[in-house]
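Now for the letters of each chain:
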Amino acid sequence: MPSNKAATAPEHSKQQTVQSGLSAKGISSALAKLHEAAETIVAATGQAFYVWDIRSDRIEWSRNFSGLLGLPETETRHLKGRSFESMLSSQSQQTRFGVIVSAAGTGKNDGPVPYQCVYLLHPATKEDTPLWIEDTGCWYPDGNGKPRHAEGSIRIINDRRKREEDLRRQTDFDDLTCLPNRRSLEKCLVTTIRDAQNRGSISTFLIMSLDHMDTINDVHGFETGDEVLREAGKRVASRLRGDDVVCRFSGAKFGLILRDCPPAEVFDAATRLLKAVSAEPLETAAGPISINSVIGACFLPRHGNTPREVIGNAYKALRTVRSDVAHRVNVYSADPLKLEENRRKARLSAKVLAAIREDTVETCLKDAGVTFGGERLFELKMGFATSGKEDAGSDAERSFFDLGRELDLTRHIDLKALDTVLAALEQPGSDVYLLNVSRDTILDSDWMAKLSTGLAATGNAAPRLVVGISEAFALSGKPEAVSFLKSVASLGCRIRINRFSASPAAFDRLRSVPADIVMLDETVLNWAENGPPDNDCLKHVEALASAMNLEVHLPA
């Protein structure tokens, strides 16, 4: 008598067939149609699927694989894992086998392990367009956790890769020179500093600055200036070794990393780079243009452990070399006296800014010893309040304007001075106030906005304010200078041209801008006082100024 189990098995199979409504043949047909639909979908979406038996190294592909990659019918390398990877370009940094093996080595894996890799494939011949492939799938381990087989898909991502490359170039490269930009430079500095520390070697960082680019832009135009930058960058790049780096740093400056370049070699290397730019004129659409450059250098990691420190020290060396025409290469030196002086300036800058922020600046309007329109002219003096003089040390008695020029805080101090003078103008009276401003302040839109708003609150006091600006900027002919002078005059203020050279050219330029007073430069006064007894230079200047309705002030 047969057992119940043997008797019920066919019955159970029969019940399943009845429930599904399909025979074994029908199920096989449905699976075939499903497989055909999957092949169609795969082909339509630009993908190809595979199953890879890692032990035998055999790969089975979906039918559209050869057509997708443009392989000839006789091609068989894709049927084996190792021979498939022989089609990969040397530029590929990943392989499917390498990704799977590296994941398998991290420990025992009990279930399917996902993977993804990107590689460059030469499907037929090296003359064909290579294909960037994104390979995604899962591999399955055996009982020991080692890869047994893998299932996955590939897709061509050439368009996506091009977009990514374009975006990377926009992020890491300079459009004008096609060189890496400052962002790339800082990343390279991090790597170079780390390598130098690990290997105990020395590398060099340079900042090369092209001379007189402003003049080239003014005379020949910015398009020619751009050509000069591009050609200079090419020449510098052509003189570098394979592992050196040149980047467009900023403006007319290039940043260079010379790997494994010790102090004994830096001057020779820098001189070769300078000659690369200056040896022959640069060819431009405006004609050949000669240009020189200067270099500031520092050593890694001796002069810095971070990009910020390294760049800052190279800049310090660059600023020093600019004042020495005979020597156009300067290496940063960590002079203890200079370091202490920099620390002193940093402490003093903090005290000046704190005094401005906390409104503890001591201000005083003193008689300037000159008149304008018959009224006395008062000039603002600013300094530390009594409570802050002890902390300021030997600089306590110095004018804030002098400290501003030394510490590069002129803009902050000029804004504070403007507040003080505007407050004085709000008071009734006929006193006239002199407010000297620097070039940096002139280019600051906040200063002009504050002047306009403040004068509106003073009623008709604008004519009692004299704004002083140096001849070097006021009569430079630059649009921003003319615009500033006209804006000040339109508000009703008076204008004084400081350090006026009284040359014929200066008087000629003076006719095209608004002005009310000229303060002669000390050299003019010295020449008039120390010249021949019958020298009437000063009277001649005063007569010319009077003819232009200008008053003349002499330096104190």
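Description of the structure in this document.

### Considerations on the nonpolar core
If you look at soluble globular proteins, the nonpolar side chains tend to sit buried side by side. Judged by nonpolar contacts, the single largest core of 58 residues is most densely connected at Val352, Phe400, Trp447, Leu465, Ile497, Phe500 and Leu510. No other element matches helix α15 (residues 410-425), which puts eight residues into this core. With near-sequence residues (within four places) excluded, Ile497 lies in contact with Ile469, Glu471, Ala474, Leu510, Ala515, Ile517, Val518 and Met519. Core analysis: the next-biggest nonpolar cluster, separate from the first, contains 32 residues, Ala252, Leu258, Ile295 and Phe299 among them.

### With respect to the sheet that holds strand β9 (residues 293-300)
Read from one edge of the open sheet, five strands run β7-β8-β6-β9-β10, paired in mixed fashion. Two strands in the sheet have a free side with no partner beyond their single neighbour: β7 (245-250) and β10 (329-331). Strand-to-strand twist of the sheet, defined as the mean angle between neighbouring strand axes without regard to direction, takes the value 20°. Contacting β6 (203-210), β7, β8 (253-258), β9 and β10, helix α11 (residues 307-321) runs over the sheet at an angle of about 145° to β9.

### A closer look at the packing of aromatic side chains
For the coordinates displayed, the defined rule picks out ten aromatic pairs. Where Phe84 meets Tyr119, the ring centres are 6.2 Å apart and the plane angle is 80°; that geometry is what we call edge-to-face. Remark: Tyr119 occurs in strand β3 (residues 113-121) and Phe84 occurs in helix α4 (residues 81-85); sequence separation between them is 35 residues. Exposure remark for Tyr119: the relative accessible area of 1% places this residue in the buried category. Ring geometry for Trp447 against Phe484: centres 5.9 Å apart, planes inclined by 40°, an arrangement best described as tilted. You can see Trp447 sitting in helix α17 (residues 445-456) and its partner Phe484 sitting in helix α19 (residues 479-490), a full 37 residues away along the chain. On the basis of relative accessibility, which here comes to 1%, the residue Trp447 falls in the buried class. A connected cluster of aromatic rings, assembled from ring pairs, spans Tyr50, Trp61, Phe65, Phe84 and Tyr119.

### Some remarks on the side chain of Ser62
When you line up the elements, Ser62 lands in the loop between β2 (58-61) and α3 (65-69). In terms of polar contacts, Ser62 uses its side chain to reach the side chain of Asn64, at 2.7 Å.

### Some thoughts on the packing of helix α7 (residues 182-199) against α11
Following both chains from N to C, one finds α7 and α11 inclined at 105°, their axes separated by 9 Å at the closest point. Comparing the axis directions of α7 and α11 gives the class roughly perpendicular. Together, Arg182, Glu186, Leu189, Val190 and Ile193 of α7 and Pro307, Val310 and Ile311 of α11 make up the contact between the two elements. Looking at the contact of α7 with α11 residue by residue, the classes come out as six nonpolar, no polar and two charged.

### So, the side chain of Lys416
Its location among the elements puts Lys416 in helix α15. A relative accessible area of 14% means that Lys416 is categorised as buried.

### As for the pattern of salt bridges
The tally for this structure, following the rule as stated, stands at 20 salt bridges. Glu134 is paired through a salt bridge with Arg160; the nearest N and O atoms lie 2.9 Å apart. Remark: Arg160 occurs in helix α6 (residues 158-172) and Glu134 occurs in strand β4 (residues 131-141); sequence separation between them is 26 residues. Judged by its relative accessible area of 11%, Glu134 falls in the buried class. For Arg160, a relative accessible area of 29% puts it in the partly exposed group. Where Glu186 meets Arg182, a salt bridge forms, and the shortest distance between an N and an O atom there is 3.1 Å. On the criterion of helical spacing, the pair formed by Glu186 and Arg182 is a turn pair, its members being four residues apart in helix α7. For Arg182, a relative accessible area of 34% gives the class partly exposed.

Basis of the calculations
- Residues numbered from 1 in each chain as written.
- Predicted model: local features only at pLDDT ≥ 70, side-chain atom pairs only at ≥ 80, totals over all residues.
- Heavy atoms only, no water.
- Core = buried A, V, L, I, M, F, W, Y, C linked by side-chain atoms within 4.5 Å.
- Buried < 20%, exposed > 50% of the residue type's maximum accessible area, 1.4 Å probe, protein only.
- Helix = DSSP H or I, 4+ residues; strand = E, 2+ residues; numbered from the N terminus.
- Contact = heavy atoms within 4.5 Å.
- Pairing = 2+ DSSP bridges.
- Axes fitted to C-alpha atoms, helices over the stretch in contact; angles between N-to-C directions.
- Phe/Tyr/Trp six-rings, centres within 6.5 Å; stacked < 30°, edge-to-face > 60°.
- Polar contact = N/O pair within 3.5 Å; in protein donor to acceptor, adjacent residues only side chain to side chain.
- Parallel < 35°, antiparallel > 145°, perpendicular 65-115°, else oblique.
- Nonpolar A, V, L, I, M, F, W, Y, C, P; charged D, E, K, R; others polar.
- Salt bridge = Lys/Arg side-chain N within 4 Å of Asp/Glu carboxyl O.

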